[in-house]
Amino acid sequence: MERVLEWSILVRFHEKNNGEGMEWSILVRIHEKNNGEGMEWSILVRIHEKNNGEGMEWSILVRIHEKNNGEGMEWSILGLPAIQPRLVAVSKTKPAEMVIEAYNHGQRSFGENYVQELLEKASDSKILSSCPEIKWHFIGHLQKNNVNKLIAVPNLFMLETVDSLKLADRVNGSWQKKGSLEKLKIMVQVNTSGEDSKHGLPPGETVTTVAHILQKCPSLEFVGLMTIGSFGHDLSKGPNPDFQMLISLREELCDQLNLPIEKVELSMGMSTDFQHAIEVGSTNVRIGSTIFGERDYPNKPSSDKAPREIKGQLENLTVKEH
């Protein structure tokens, strides 16, 4: 019988001294796996230090991966600045009043899955008057026949789900016709889990798609990669492989297209797994029910979460707006 050894360890430490303005934290995650063919392990370290008294602030993210398959050892190390992830509050099925309540407590980035709902909500007179700095993210599957409708959305900030060359071309052309002075920020969605129920490019098409956008879509600004990944991953078995794949794709992408790795965001993590996503390097998390409560669908009892509870939910999250 083949012997398989696998273990992981996570260490967190946080210290804060409000009197002297000192704050620092450290996160270490180690994972080792031996499947009989060779040993593989990885380590993630994130350190942040801040001293308001002396004005000093620094952070570092280090990711190390080592693999020994019996024929030789290979390892890599990646050092990145540890940034505060962007929180996208997903307000699907929720009324304008809840969006305004979250906005009043400092939230600026909001996400929607359906074009029609986003257009109606973003065009709501109460939101337009009360939320002048709102930034809308579209995070659902976009059909080409809905592109013009999406481009008409007021305060559209980012499209996170470009998943084909044809869609990129259609969005680019529509944004050009709009005549905006700024490029539209877009992410390329990758189907890292390979599930038929999820949208996104096959991982092998990522580099060619991004290259096409950079070369052929002058009205679009490529800012990163997005994935949903499989649900319910057991972290006792190690990091989510779908997140790990997106991280690897970013490294491959930046290497082949000569892009600064710190300029390519990773949008991964939702209400059930955003903390793990942040630990492995996500810069953009999409959270809905944790903030607004369960979604309200026809023939289903509506959520009883009152707008006044939203402030507490936002404050309890470990990510902030940026």
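Computed from a prediction, not measured in an experiment: that's the story for all the values here.

So, how was this worked out
- Residues numbered from 1 in each chain as written.
- Predicted model: local features only at pLDDT ≥ 70, side-chain atom pairs only at ≥ 80, totals over all residues.
- Heavy atoms only, no water.
- Salt bridge = Lys/Arg side-chain N within 4 Å of Asp/Glu carboxyl O.
- Helix = DSSP H or I, 4+ residues; strand = E, 2+ residues; numbered from the N terminus.
- Buried < 20%, exposed > 50% of the residue type's maximum accessible area, 1.4 Å probe, protein only.
- Contact = heavy atoms within 4.5 Å.

Asks: Honestly, the pattern of salt bridges in this entry has me stumped. Any pointers?
Replies: A side chain with one charge may pair with a side chain of the opposite charge, provided their charged atoms come close. Within the structure shown, the criterion is met by seven salt bridges. The closest approach of N and O atoms between glutamate 265 and arginine 86, which form a salt bridge, is 2.9 Å. In this pair, glutamate 265 is assigned in strand E12 (residues 265-267) and arginine 86 in strand E6 (residues 86-90), connecting sequence segments 179 residues apart. Residue classification places glutamate 265 among the buried residues on the basis of a relative accessible area of 16%. In this structure arginine 86 comes out as buried when scored by relative accessible area, which is 7%. Between lysine 121 and glutamate 112 there is a salt bridge, with its nearest N and O atoms 2.8 Å apart. Here the salt bridges share partners, and the residues they tie into one network are Glu112, Glu117 and Lys121.

Asks: Got a minute to help me understand helix H2 (residues 115-122) in this structure?
Replies: Residue pairs three or four apart in sequence face the same way in an α-helix, which turns once every 3.6 residues. With respect to burial, H2 is a largely interior element, six of its eight residues being buried. Along H2, the residues that are buried comprise Val115, Glu117, Leu118, Leu119, Lys121 and Ala122. If you follow the buried residues of H2, they end up packed against helix H1 (96-104), strand E7 (109-112), helix H3 (125-130), strand E8 (135-138) and helix H4 (147-151).

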